[in-house]
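Read off the chains here:
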Amino acid sequence: KNQVEQSPQSLIILEGKNCTLQCNYTVSPFSNLRWYKQDTGRGPVSLTIMTFSENTKSNGRYTATLDADTKQSSLHITASQLSDSASYICVVRGASGTYKYIFGTGTRLKVLA
Amino acid sequence: GAVVSQHPSWVICKSGTSVKIECRSLDFQATTMFWYRQFPKQSLMLMATSNEGSKATYEQGVEKDKFLINHASLTLSTLTVTSAHPEDSSFYICSARKSRDRVGRAEETQYFGPGTRLLVL
């Protein structure tokens, strides 16, 4: 069964600190992996997208890594800000021709002043 | 850009009434739109895939007679929750995928709307 699992489920950090969120998936064949940020009560907003051949992708203070061999991805947030408080969702699309996204369970991040 | 809007942003209704939620792609045409439901502290669950001009494809366990989807144009899809009950209270999010361009290239990226919060009393 195609699954996407994220850890930790929730995380609290102090403003200015760094953090890393994890995503493990079993989706095969694999097309791409995305990280989304979802503020409370809002729709998801794309942060990064990586294909099979990409190992890392940055978007400002967000850096995503991908190891397609071990089927693992991480999202590293540098110098966290209060506005980073949100849910971060790992989304995988398989290469089977369907455009369906397989969503992870998300990590709820809270940044404290 | 690729902006998707939803209307209303939130709605409160009495049990037994029907509620219509609109999803619009503002600056692009979308042959395919997706409807998701999200319960508190859970991830998005795909309800159905909506294709312009044809019947929607529903995911297993989603009642098509309860969640009516209409995708009458390339920029608008609607989700109607019929005879809503308290257990239908949720956050409904749509996404849209751009139509193929003039040379037939397809973009698989889904652009998400801001969501609609439904509360059924």
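As the structure is a prediction and not an experimental result, all values here were calculated from the model.

Rules used in this analysis
- Residues numbered from 1 in each chain as written.
- Chains lettered and ligands numbered in written order.
- Predicted model: local features only at pLDDT ≥ 70, side-chain atom pairs only at ≥ 80, totals over all residues.
- Heavy atoms only, no water.
- Helix = DSSP H or I, 4+ residues; strand = E, 2+ residues; numbered from the N terminus.
- Rg over C-alpha atoms; globule rule 2.2 N^0.38 Å.
- Buried < 20%, exposed > 50% of the residue type's maximum accessible area, 1.4 Å probe, protein only.
- Areas by Shrake-Rupley, 256 points an atom, 1.4 Å probe, with all protein chains shown as cover.
- 1 Å grid on protein atoms, 1.4 Å probe; cavity = no way out; pocket = protein on both sides within 12 Å on 5 of 7 lines; lining within 4 Å.
- Points joined across faces, edges and corners; volume = space filled by probe spheres on them.
- Nonpolar A, V, L, I, M, F, W, Y, C, P; charged D, E, K, R; others polar.
- Contact = heavy atoms within 4.5 Å.
- Buried area = accessible area lost by both parts, 1.4 Å probe.
- Salt bridge = Lys/Arg side-chain N within 4 Å of Asp/Glu carboxyl O.
- Polar contact = N/O pair within 3.5 Å; in protein donor to acceptor, adjacent residues only side chain to side chain.
- Phe/Tyr/Trp six-rings, centres within 6.5 Å; stacked < 30°, edge-to-face > 60°.

*Asks:* So what about the overall build of chain B? Which residues, and what values?
*Replies:* Counting its regular elements, chain B contains zero helices and eleven strands. The linear arrangement of helices and strands in chain B, starting from the amino end, is β-β-β-β-β-β-β-β-β-β-β. For a compact globule of 121 residues, the expected C-alpha radius of gyration is about 14 Å, and chain B comes in at 14 Å, within 12% of that figure. In terms of its C-alpha atoms, chain B occupies a principal-axis envelope of roughly 50 × 25 × 25 Å. Per-residue burial over chain B gives 49% buried out of 121 residues. Element-wise, carbon and sulfur atoms account for 52% of the exposed surface of chain B, whose accessible area totals about 6,200 Å².

*Asks:* Describe the layout of surface pockets, naming the residues involved and giving the relevant values.
*Replies:* If a probe as big as a water molecule is rolled over the atoms, it shows which places are left empty. Within this model, the second largest pocket holds a volume of roughly 430 Å³. Lining of the second largest pocket is provided by 23 residues; of these, Thr40, Ser87 and Arg108 of chain A together with Gln38 and Lys41 of chain B occupy positions nearest its centre. Secondary structure elements with two or more residues in the lining of the second largest pocket: strand 9 (86-94) and strand 11 (107-112) of chain A. If one sorts the elements of the lining of the second largest pocket by residue count, strand 11 of chain A sits on top with four residues. Here the lining of the second largest pocket is built from residues that sort into six nonpolar, eleven polar and six charged.

*Asks:* Explain the interface of chain B and chain A residue by residue, including any values.
*Replies:* Many descriptions give the size of an interface as the accessible area lost when the pieces come together. If you look at the interface, chain B gives 20 residues, while chain A gives 18 residues. Surface buried jointly by chain B and chain A totals about 1,500 Å² across both partners, of which 52% is contributed by carbon and sulfur atoms. When the buried surface of chain B facing chain A is broken down by residue, Ser43, Glu108 and Phe112 of chain B rank first, second and third, together holding 34% of it. Our enumeration of links across chain B and chain A arrives at zero salt bridges. Taken together, chain B and chain A are joined by six residue pairs in polar contact (both at pLDDT 80 or more). For the side of chain B that touches chain A, the elements supplying multiple residues, two or more each, are strand 4 (30-38), strand 9 (90-98) and strand 10 (110-112) of chain B. Its residues placed into classes, the side of chain B that touches chain A shows nine nonpolar, six polar and five charged.

*Asks:* Please set out the packing of aromatic side chains residue by residue, giving values where relevant.
*Replies:* Two descriptors summarise a pair of aromatic rings, namely the distance from one centre to the other and the angle between the planes of the rings. Scanning the model with the defined rule gives nine aromatic pairs over all chains in all. An aromatic cluster is built from Tyr36, Tyr101 and Phe103 of chain A together with Tyr36 and Phe112 of chain B, whose rings are joined through pairwise contacts.

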